[in-house]
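What follows is the residue order along each chain.
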Number of protein chains: 2
Amino acid sequence: MTPLLERLRHRGWRLTAQRRVIAEAMAGDHVHLAADEVFERARERLPEVSLATVYNTLNELVSMGELAEITHTDGRKRYDPNVAEPHHHLVCVDCGEMLDVITEDPRLPTDQQHGFELLGVETTFRGRCPDCAASVSSA
Amino acid sequence: MTPLLERLRHRGWRLTAQRRVIAEAMAGDHVHLAADEVFERARERLPEVSLATVYNTLNELVSMGELAEITHTDGRKRYDPNVAEPHHHLVCVDCGEMLDVITEDPRLPTDQQHGFELLGVETTFRGRCPDCAASVSSA
DNA sequence: CTGACACATTAGAACAGTTCAAAGATTGGA
DNA sequence: TCCAATCTTTGAACTGTTCTAATGTGTCAG
């Protein structure tokens with residue numbers, strides 16, 4: 001039982017077969033899947049599941065605060081089930097692989113705050129993962 | 001003459017009427033326009049300009065390194081002409097207004113680097129701008 | 001247990017933002 | 001002036017996401 005499924009059950013969320021396979025697709029703390037990848041994984045277990053349900057469910061989980069939505073450089077949104085532990089991301093510019101990293105939140109000095117009420121910070125480190133670095137140098 | 005146009009001229013870039021109005025639409029260091037906004041602005045000065053040319057030109061400027069592409073939470077890409085001064089962004093979660101802020105780059109500790117070759121960092125501070133904070137509290 | 005209502009799911013159409021392709025227009029150099 | 005290279009245009013195509021309307025399913029009162 002994943003923490004996500006457990007949390008959902010505690011909330012009394014109606015857990016249908018479709019929702020279960022979608023939540024199971026998001027299992028793990030270091031997963032950053034796009035909607036089509038969630039759809040693929042869910043369909044392996046329940047072939048009748050529809051893409052619309054995947055989108056409905058993901059959006060619902062995001063607005064419940066059970067998933068975080070990450071905007072990737074390509075058009076696709078990604079979903080991160082690790083909402084318990086504050087963290088940032090390290091992304092490979094070539095293959096798009098995304099890892100969680102634990103770093104200090106950067107501070108926004110008061111004189112840069114422009115009167116905003118601050119709600120959060122996201123940091124993305126961009127780089128090249130070992131695999132892609134290897135294939136670049138060999139290319 | 002904006003720095004952007006000046007830089008382009010120095011590169012010997014063919015400066016047609018269309019490209020000029022597009023570059024002029026990006027004038028200023030604190031502008032973060034989406035493609036459709038650039039299109040609007042450009043069309044005010046040169047009504048025949050086409051959306052495809054706006055996209056072509058923006059993409060070309062990005063690959064020349066004269067504009068930075070920013071991925072916003074909504075689907076649209078934004079373009080930032082301030083490539084000279086390293087900076088991060090402060091974004092209003094309600095209206096989407098985006099401001100430049102100068103803050104220290106966060107560090108990625110070596111033990112979090114996962115063997116990546118680091119290329120850059122982007123930080124986005126999310127908050128509510130004074131205008132939106134006012135209309136929330138009055139709502 | 002049954003019926004009814006609320007809610008969930010589905011397929012496909014619709015939509016937004018972006019890219020692509022082919023044809024036409026413009027530019028600069030010989 | 002003419003040619004070749006490059007730029008621009010229109011409109012179609014494509015991707016990711018949302019919407020709609022019809023159908024299916026779970027739950028709970030009676």
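Residues numbered from 1 in each chain as written. Chains lettered and ligands numbered in written order. Predicted model: local features only at pLDDT ≥ 70, side-chain atom pairs only at ≥ 80, totals over all residues.

J.: What am I meant to see in the overall build of chain A here?
T.: Of the regular secondary structure elements, chain A holds five helices and six strands. Listing the helices and strands of chain A from first to last along the sequence gives α-α-β-α-α-β-β-β-β-β-α. Considering chain A as a whole, with its 139 residues, one finds that 25% of them fall into the buried category. For chain A, long-range pairs separated by at least 24 residues make up 45% of all intrachain contacts whose partners lie at least 6 apart in sequence. (Helix = DSSP H or I, 4+ residues; strand = E, 2+ residues; numbered from the N terminus. Buried ≥ 20, exposed ≤ 12 C-beta atoms within 10 Å, placed from the backbone. Contact = placed C-beta atoms within 7 Å.)

J.: Any chance you could explain the protein's contact with DNA strand D here in plain terms?
T.: Around DNA strand D, the surrounding shell holds 20 residues, and the nearest of these are Lys 77 of chain A together with Thr 16, Gln 18, Ala 52 and Thr 53 of chain B. When residues of the surface near DNA strand D are traced back to their parent elements, those giving at least two are helix H4 (51-63) of chain A together with helix H2 (17-25) and helix H4 (51-63) of chain B. For the surface near DNA strand D, the element with the highest residue contribution is H4 of chain B, accounting for four residues. (Near = placed C-beta within 6 Å.)

J.: Just to check I follow, could you spell out the sheet that holds strand E4 (residues 88-92) of chain A for this structure?
T.: Sheet strands associate in pairs through backbone hydrogen bonding, adopting either a parallel or an antiparallel arrangement. Taken in spatial order, the six strands make up an open sheet running E5(A)-E4(A)-E6(A)-E6(B)-E4(B)-E5(B), and their pairing is mixed. The sheet is open, and its two edges are formed by strand E5 (98-101) of chain A together with strand E5 (98-101) of chain B, each paired on a single side. Across the sheet, the mean angle separating the axes of adjacent strands is 25° when strand polarity is ignored. Judged from the four bridges that link them, E4 of chain A and strand E6 (residues 117-128) of chain A form a sheet pairing that is parallel. Pairing of His 89 of chain A across the sheet is with Thr 124 of chain A, part of E6 of chain A. (Pairing = 2+ DSSP bridges. Axes fitted to C-alpha atoms, helices over the stretch in contact; angles between N-to-C directions.)

J.: What should I look at first to understand the sheet that holds strand E1 (residues 33-34) of chain B in this one?
T.: Residues and elements named next belong to chain B. A sheet is described by the order of its strands in space; here three strands give the open sequence E1-E3-E2, paired in antiparallel fashion. Single-partner strands in this sheet number two, and they are E1 and strand E2 (68-71). Pairing geometry for E1 and strand E3 (residues 77-80), over two bridges, is antiparallel. The residue bridging Leu 33 from the neighbouring strand is Tyr 79, located in E3.

J.: For this particular structure, what's the right way to read the interface of chain B and chain A?
T.: Accessible area lost when the parts come together is the quantity often used to give the size of an interface. The partner chain A presents 33 residues to the 33 residues of chain B that form the contact. Contributions of two or more residues to the side of chain B that touches chain A are made by E5, strand E6 (117-128) and helix H5 (130-138) of chain B. No other element matches E6 of chain B, which puts 12 residues into the side of chain B that touches chain A. Looking at the side of chain B that touches chain A residue by residue, the class counts come to 16 nonpolar, 11 polar and six charged. Looking at chain direction, E6 of chain A and E6 of chain B are connected through 11 bridges and run antiparallel. If you follow Arg 128 of chain A over to E6 of chain B, its bridge partner there is Glu 117 of chain B. (Nonpolar A, V, L, I, M, F, W, Y, C, P; charged D, E, K, R; others polar.)

J.: Would you mind going over the protein's contact with DNA strand C with me for this structure?
T.: Neighbouring residues of DNA strand C: 21 residues in total, closest Thr 16, Gln 18, Ser 50 and Thr 53 of chain A together with Lys 77 of chain B. Broken down by secondary-structure element, the contributors of at least two residues to the surface near DNA strand C are helix H2 (17-25) and H4 of chain A together with helix H3 (35-45) and H4 of chain B. The biggest single contributor to the surface near DNA strand C is H4 of chain A, with four residues. Split into classes, the residues belonging to the surface near DNA strand C amount to six nonpolar, nine polar and six charged.

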